[in-house]
Amino acid sequence: MLRLEKAEYTRMAQTGSSLMRLIQNHDLPILDLLVRESIQNSLDASKSRKLQSYVDVHFNQGEFETESLANNLEGIGEGLVNRFGRTSQHFISIRDYNTVGLTGPLHHGDVKQGNFGNLLKLVYEISKPQEQTGSGGSWGLGKTVYYRVGIGLVFFYSRVKTKTGYESRLAACLVENEKEPGALLGGNSDLERGIAWWGQAYANNGTIPITNENIINEILAIFKVKPYKEKETGTTIIIPFVDPDALLREATHFDEEQHRKYAWSEDISQYLNLAVQRWYAPRLLNRYFPTGAYLRVFINDIMITQDDIYPVFLIIQALFNRASYHGRDEIPKFFDVISTSNLDMKVIDINIQRTFQHGQRAGHVAVSKLANQDLGMLPPRNYWDPYTYIGEANESMESNSPIITYTRRPGMLVNYEISGTWVGQIPRTENDEYIIGIFVPNLDNKLNEDLGAIDLDEYLRQSEQADHKSWSDFAINSKRIGIIDRVSKQIPRKIADAYRPHKDEKMGTRNRGLGKALAEILLPPEGYGRQSSLPHKKISRSGSRARKNKTRIWIDSPTYKQGNVCYPFELSFSSTNKQAILEVIALLENGSIRANRWEKADEIGTKFPLAISNVEIQKIAGKRGRPRMLNEFKVMTGKYNSVVKDGIKATLLTTKEHEVPYGLLLTTEDLGLTVSGMLEIRNFDPMIRAGINLREQEGEI
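What you see is a predicted model; the values in this text were computed from it and never measured.

Student: Whenever I open this one, the overall build of the protein chain confuses me. Can you help?
Tutor: Scanning the protein chain from N- to C-terminus turns up 16 helices and 30 strands. When each of the 701 residues of the protein chain is scored for burial, the buried share is 55%. For the protein chain, the proportion of contacts with a sequence separation of at least 24, taken over those separated by at least 6, is 69%. Total accessible area on the protein chain stands at roughly 32,400 Å², and carbon and sulfur atoms take up 46% of it.

Student: Before we go on, may I ask you to explain the nonpolar core in this structure?
Tutor: Within the largest apolar cluster, 90 residues are counted, with the highest numbers of intra-cluster contacts made by Ile39, Phe59, Phe156 and Phe313. At nine residues, helix α11 (residues 311–325) tops the list of elements feeding residues into this core. If we skip the residues at most four places from it in the chain, phenylalanine 59 touches Val35, Ser38, Ile39, Ser93, Ile94, Leu272, Val276, Val297, Phe298, Ile299 and Asn300. Counting 40 residues, the second-largest nonpolar core is a separate cluster that includes Met397, Val565, Ala595 and Trp598.

Student: What should I look at first to understand helix α14 (residues 483–498) in this one?
Tutor: Along its 16 residues, α14 runs 22 Å from first to last C-alpha, staying within 8% of the 22 Å computed at 1.5 Å per residue. On its buried side, α14 packs onto β11 (345–351), β12 (361–371), β13 (403–407), β15 (433–441) and α13 (456–463).

Student: When you look at the sheet that holds β12 in this model, what are you seeing that I'm missing?
Tutor: Consider a sheet: its strands pair through backbone hydrogen bonds, and that pairing is either parallel or antiparallel. Spatially, five strands are ordered β11-β12-β15-β13-β14 in an open sheet, and the strand pairing comes out mixed. Of all the strands in the sheet, just β11 and β14 (413–417) have a single pairing partner and so form its edges. For this sheet, the mean angle separating the axes of adjacent strands, direction not counted, is 20 degrees. Of the strands in this sheet, β11, β12, β13, β14 and β15 touch α11, which is tilted by about 40 degrees from β15. This element, α14, spans β11, β12, β13 and β15 of the sheet and lies at about 140 degrees to β11.

Student: Teacher, can you tell me more about the confidence of the model for the protein chain here?
Tutor: Note: predicted coordinates in regions of low pLDDT should not be interpreted at a detailed level. Per-residue confidence for the protein chain averages 82 on the pLDDT scale, and 80% of its residues sit at or above 70. Of the regions scoring below 50 in pLDDT, residues 135–140 engages in 32 contacts with residues more than four places distant in sequence or in other chains.

Student: What is the right way to look at unusual backbone geometry in this model?
Tutor: Comment: phi is negative for the bulk of residues other than glycine, and the bulk of peptide bonds are trans. A cis geometry characterises the amide bond from proline 379 onward to proline 380, with omega recorded as 10 degrees. By the element assignment, proline 380 lies in the loop between β12 and α12 (386–390). With a phi close to 55 degrees, leucine 285 is a non-glycine residue in the positive phi region. Note on placement: leucine 285 falls in the loop between α10 (268–280) and β9 (294–299). The backbone of aspartate 301 sits at a positive phi, close to 70 degrees, despite the residue not being glycine. Mapped onto the fold, aspartate 301 is located in the loop between β9 and β10 (302–303). In this structure aspartate 301 comes out as exposed when scored by relative accessible area, which is 54%.

Student: Hey, could you run me through the side chain of threonine 355 in this one?
Tutor: You can see threonine 355 is positioned in the loop between β11 and β12. For threonine 355, a relative accessible area of 1% translates into the label buried. In this structure the side chain of threonine 355 is engaged in a polar contact, spanning 2.9 Å, whose partner is the backbone oxygen of glutamine 353. If we skip the residues at most four places from it in the chain, threonine 355 touches Lys446, Leu447, Asn448, Leu451, Ile483 and Arg486.

Student: Where do I start with the environment of histidine 108 in this structure?
Tutor: With respect to the element layout, histidine 108 can be found in the loop between β3 (88–97) and α5 (117–124). By relative accessible area, histidine 108 is classed as partly exposed at 35%. With 100 residues separating them along the chain, histidine 108 and isoleucine 208 place their C-alpha atoms 9.6 Å apart. Dropping the residues within four chain positions of it, histidine 108 is found in contact with Phe116, Leu120, Tyr124 and Glu125. Within polar-contact distance, the side chain of histidine 108 engages the side chain of glutamate 125 at 2.6 Å.

Student: Explanation requested: the packing of helix α2 (residues 30–44) against α10 in the structure shown.
Tutor: Relative orientation and spacing of two packed helices are given, respectively, by the angle between their axes and the distance between those axes. Look at α2 against α10: their axes get within 9 Å of each other, and the N-to-C directions meet at 60 degrees. When the interaxial angle is binned, α2 and α10 end up oblique. Here α2 and α10 pass one another in a crossing that is right-handed. Residues Leu31, Asp32, Val35, Arg36, Ile39, Gln40 and Leu43 of α2 lie in contact with α10, whose contacting residues are Ile268, Tyr271, Leu272, Ala275, Val276, Arg278, Trp279 and Tyr280. Counted by class, the contact of α2 with α10 contains eleven nonpolar, one polar and three charged residues.

Student: What's the story with the packing of aromatic side chains in this structure? I'm lost.
Tutor: Any pair of aromatic rings gets described here by the distance separating the centres and the angle formed by the planes. As enumerated under the stated definition, the model contains 26 aromatic pairs in all. Their ring planes at 25 degrees and their centres at 5.3 Å tell us that tyrosine 157 and tyrosine 228 sit as a pair that is stacked. Of the two residues, tyrosine 157 is situated in strand β4 (residues 153–162) and tyrosine 228 in the loop between α7 (213–222) and β8 (234–242); the sequence distance between them amounts to 71 residues. Its relative accessible area of 1% is what places tyrosine 157 among the buried residues. Residue classification places tyrosine 228 among the buried residues on the basis of a relative accessible area of 5%.

Student: I would appreciate a short explanation of the pattern of salt bridges in the present structure.
Tutor: Pairing between side chains becomes possible if they bear opposite charge and their charged atoms approach one another. Tallied over the entire structure, the rule returns 16 salt bridges. In this structure, lysine 6 and glutamate 192 form a salt bridge, with 3.5 Å as the shortest nitrogen-oxygen distance. Remark: glutamate 192 occurs in the loop between β5 (165–175) and β6 (195–202) and lysine 6 occurs in strand β1 (residues 3–6); sequence separation between them is 186 residues. Look at lysine 6 and you get partly exposed, because its relative accessible area is 36%. For arginine 361, the salt bridge goes to aspartate 349, with nearest N and O atoms at 3.5 Å. One end of the pair, arginine 361, is in strand β12; the other, aspartate 349, is in strand β11, and twelve residues separate them in sequence. Overlapping salt bridges bring together Arg408, Arg409, Asp444, Asp457 and Glu464 as one network.

Here is what the cut-offs are and how they apply
- Residues numbered from 1 in each chain as written.
- Predicted model: local features only at pLDDT ≥ 70, side-chain atom pairs only at ≥ 80, totals over all residues.
- Heavy atoms only, no water.
- Helix = DSSP H or I, 4+ residues; strand = E, 2+ residues; numbered from the N terminus.
- Buried < 20%, exposed > 50% of the residue type's maximum accessible area, 1.4 Å probe, protein only.
- Contact = heavy atoms within 4.5 Å.
- Areas by Shrake-Rupley, 256 points an atom, 1.4 Å probe, with all protein chains shown as cover.
- Core = buried A, V, L, I, M, F, W, Y, C linked by side-chain atoms within 4.5 Å.
- Expected span 1.5 Å × (residues − 1).
- Pairing = 2+ DSSP bridges.
- Axes fitted to C-alpha atoms, helices over the stretch in contact; angles between N-to-C directions.
- pLDDT = per-residue confidence, 0-100.
- Polar contact = N/O pair within 3.5 Å; in protein donor to acceptor, adjacent residues only side chain to side chain.
- Parallel < 35°, antiparallel > 145°, perpendicular 65-115°, else oblique.
- Left-handed = near helix turned anticlockwise from the far one by under 90°.
- Nonpolar A, V, L, I, M, F, W, Y, C, P; charged D, E, K, R; others polar.
- Phe/Tyr/Trp six-rings, centres within 6.5 Å; stacked < 30°, edge-to-face > 60°.
- Salt bridge = Lys/Arg side-chain N within 4 Å of Asp/Glu carboxyl O.

As structure tokens, this is what we get:
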């Protein structure tokens, strides 16, 4: 049985409840934080800094018997059985290879010259960051995520090389809210801290990690985790009593219908796969990673291969490589490795004056304008849009926000920016195009002597917040130099200049969709209509830029019903208009086309492939009056195609040639009404996407 050591209450000491609040990141799911922190710890502990070397990280999940574990933990065994019964429970483990492991002294009494080592920092300390150049963070708080994945109990197992050979080490730590009823550490004392460790007995009722191989193997056998062997070194973190469903619910935030759309919403292994790609795209399987060992990741012992990587992350890696190697005399032949050599990728210098010792170069931003097919979004691949994979929501259905990300030496992407300073002046693109860029700093360029003479990578490391989610400028020697502020403002300006069209440029140089010739015939006038997004995009109300004297419409994220797409909408009549038409339009690669024009013999000449199958109007509200709820107000396709109720007349419009229901005409005598409802659309051609357009007059072109 492992011996218990409770943390004593001392002045200015952290408690379990306060420790859990130190890094309460509300932007990132716990699973994302786990992936970011654990991989960064493994990369920081890499045995080799040579190019072409690699670090392996394994994420595994499994089950164990509660009673078997409880029998090995002094002081809380009975509490675990009372809480979970004699049942099987889930665990997650993170295991790395080709790392140095949890090195350093076993006890604080052995610390010399302030060298705590990896073991004491990770298991027995908080706010003790890595000190080596180019390591992950400078706060030492990220490790608290381990205690948030399950019930706060974490096992740390490692094998290290010592002066006399190899040694295994195992310890456990519990961090819990000491104020909660039924806390495992028990006790009614106001001085209870809610923190404890387990290991082998040491002086003064303390503990140190177990080094006896036989005892360690018995603990590992509970989780069916294999011990390291021979000359293997590394670290394995085991987190028992996890709730996979709760972690997925917190990570995805999708409703029931959306859960069925995304495989990672119902499978924790697939979500971990996505999170690894999302945050470590620059280093994952990148043999040309320029500043150390590259990364290989295994999920349940199956390696993520290049074929498993989503197109958007392959492109981000290609952009990272181009920015990293830009200007070098010899560039590795990585351009063809990931099948992105045909893409137009621009590399732009980002310079800052009077800051660095060696020139003005702060780094490079590599950027590309990508079409749907570049991102694998067209049949037969049918990938989602890039916002889905990076975990951000595009705020407009009419255009696409640019995506800018940034990283430093460890290769973890700090954040994805789709609004704010980093994307500033970059023009939004059409629904079938995306601008994606990555900033890679000039890592070794040193700041001037009066600014501390630290290199830029160290400046950025110190600028990171505790969760590594952003960079923020700080003062050096009472001088606030604003490197990040200047870089983040310069990047969008230069990207905007790079993509600003020239007068002699011709639009539509690519042959897409039905072909350039057909597209030129079908394109509507510039600025025409309001188009919908892909089915899984969402527009916020703040996205509307319509003037006050115009009728306005908001289209919300769609739902899916028996193969049909259902678009919730809200329509606000202007103070002067009494009529509005909602019509379904076909979105092509180079524009859009309306239903009646589609069916004309000199145009497409076939039956319009998008049909309104049902319309519901749920609410009508006046300017000052109470909302009028209309639960039974429906306009069905068929012969009953017109309904009048409560001051609103709704008429279904059909095409002239084939009588396909394509639009809804709403008329009223009451000015300023707001109508909320839903359009249900049947799509007879999966190659065509539906859009929703608003017109204020029946004869409007």
